[in-house]
Amino acid sequence: MAASGLWNPGPRGCCRPSSALAPPPAADHLFRPISAEDEEQQPTEIESLCMNCYCNGMTRLLLTKIPFFREIIVSSFSCEHCGWNNTEIQSAGRVQDQGVRYTLTVRAPEDMNREVVKTDSATTRIPELDFEIPAFSQKGALTTVEGLITRAISGLEQDQPARRANKDATAERIDEFIVKLKELKQVASPFTLIIDDPSGNSFVENPHAPQKDDSLVITHYNRTQHQKEMLGLQEEAPAEKPEEEDLRNEVLQFNTNCPECNAPAQTNMKLVQIPHFKEVIIMATNCENCGHRTNEVKSGGAVEPLGTRITLHITDPSDMTRDLLKSETCSVEIPELEFELGMAVLGGKFTTLEGLLKDIRELVTKNPFTLGDSSNPCQKERLQEFSQKMDQIIEGNMKAHFIMDDPAGNSYLQNVYAPEDDPEMKVERYKRTFDQNEELGLNDMKTEGYEAGLASQR
């Protein structure tokens, strides 16, 4: 994001920058994690026109990062003359490759305090009440589960006086529905909250991180054509098919933007044949501006007929040197630590077992909300214990089981005894369930007899 992006209009008002403002910070310092020790992180204040009383109010912009999520822009407008205020958020990143659906079962009052990022393209549903907030009917918000319900109640109550004055028959039904929404805030009985965002930029907090949250189900899915049109994503027209070339001995380069500082960078891509496995595509990006480096692996073949579950019993430090391929559809589990890493987290990787464990440790421990001054002491102690045990596994001082579960069958862990069987590793092939096929987009994929269907359409 360019620094000039700070001077966009504020919420419901025409903004003009104050003459007393300091120059905007450098691009590589725009988005910083929230920290009590970071005294330099202050919101940018912009004098703005209040559309309620037409006096000048103040818009405050804060560019920050949410742990286990991404960069966002929090904007807040307040008018000291009439008291009107408004708060909203915008995603500072691009539209994600897949949409995301969060299904939260609210069982206790503590669940009402979960932090929620809801973009304006997200649809919110409560099936028990047959209640839905359509996409683009509200601005994006950084709030809690209770805040979402309170916001819905405020929206329903807004026009109730006019309905009652006109003796509208719907006013009484809306009053009854508002009572049901208020009862949800007491959590007298469990209910389900679903946030479905085709842009992939919404978020629901897991307070038990890094452990698995039994109350929260996260599903990534491919967008439909209607959702692409709703988000303004237009597919490029298919280009003419070029002549086939042998790219296995070449390193291809293409221009892209750094995912960390958004500066121009180059990504290298190479086709690699993994022994006793299959062909994969390795992509690596190195940013000369900020030094950020990343690598990603894509399967070079199709989805396998059966899913793969690989279980390795780590008994020796030499196990850390095993080559490992983790696809985007692969989840990782370490039962001894009660830890589970869902699919799509960390993306696809071609590394060693030690490298993946270090990436997991860094993802969990470098979190300002859980290990900073504002963290919960119990959660902080639990994360420190997790980090210590992870170090013991990496150093070979603790035996553990490492499990890779890939429904697409495109993940791999090196067998150091190949072609003989590995006594410490078990590879299981299993038939995918309907839900796993649905998540991979296979249930609606027609691979047989489609030629006849195309001929009939012509």
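Preceding this paragraph is the structure being described.
On a predicted model such as this, the values are computed, not experimentally measured, just so you know.

Draft legend 1. How the structure looks around the packing of helix α5 (residues 353-365) against helix α7 (residues 377-395). Following both chains from N to C, one finds α5 and α7 inclined at 170°, their axes separated by 10 Å at the closest point. Considering their axes alone, α5 and α7 lie roughly antiparallel with respect to each other. Two secondary-structure elements touch here, α5 through Glu354, Leu357, Lys358, Ile360, Arg361, Val364 and Thr365 and α7 through Leu383, Phe386, Ser387, Met390, Asp391, Ile393 and Ile394. A per-class count over the contact of α5 with α7 returns eight nonpolar, two polar and four charged.

Draft legend 2. Fine view of the sheet that holds strand β21 (residues 339-341). Strand order across the open sheet formed by five strands is β21-β20-β23-β18-β25, with antiparallel pairing between neighbours. The open sheet has two edge strands with one neighbour each: β21 and β25 (425-430). Across the sheet, the mean angle separating the axes of adjacent strands is 15° when strand polarity is ignored. In the sheet, strand β20 (residues 331-334) pairs with strand β23 (residues 400-406) via three bridges, with the strands oriented antiparallel. Note on β23: the bridge partner recorded for valine 332 is methionine 404. Along the sheet, α5 makes contact with β18 (307-314), β20, β21 and β23, crossing β21 at roughly 100°.

Draft legend 3. Local environment of the nonpolar core. Ile126, Phe131 and Leu181 are the most contacted members of the largest nonpolar core, which totals 29 residues. Elements represented by at least two residues in this core include exactly β6 (99-106), β7 (115-118), β9 (131-133), α1 (145-157), α3 (170-184), β11 (191-197) and β12 (203-204). Excluding its chain neighbours within four sequence positions, the residues that come into contact with leucine 181 are Ile126, Leu129, Phe131, Ile149, Ile153 and Leu156. If you look at the next biggest cluster of nonpolar residues, it comprises 27 residues, including Met320, Ile334, Leu337 and Leu353.

Draft legend 4. The arrangement of the sheet that holds β6 in detail. The sheet built from five strands is open, its strands ordered β9-β8-β11-β6-β13 with antiparallel pairing. The strands lining the two open edges of the sheet, one partner per strand, are β9 and β13 (216-221). Geometrically, the sheet is characterised by an average inter-axis angle of 15° between neighbouring strands, direction not taken into account.

Calculation notes
- Residues numbered from 1 in each chain as written.
- Predicted model: local features only at pLDDT ≥ 70, side-chain atom pairs only at ≥ 80, totals over all residues.
- Heavy atoms only, no water.
- Axes fitted to C-alpha atoms, helices over the stretch in contact; angles between N-to-C directions.
- Helix = DSSP H or I, 4+ residues; strand = E, 2+ residues; numbered from the N terminus.
- Parallel < 35°, antiparallel > 145°, perpendicular 65-115°, else oblique.
- Contact = heavy atoms within 4.5 Å.
- Nonpolar A, V, L, I, M, F, W, Y, C, P; charged D, E, K, R; others polar.
- Pairing = 2+ DSSP bridges.
- Core = buried A, V, L, I, M, F, W, Y, C linked by side-chain atoms within 4.5 Å.
- Buried < 20%, exposed > 50% of the residue type's maximum accessible area, 1.4 Å probe, protein only.

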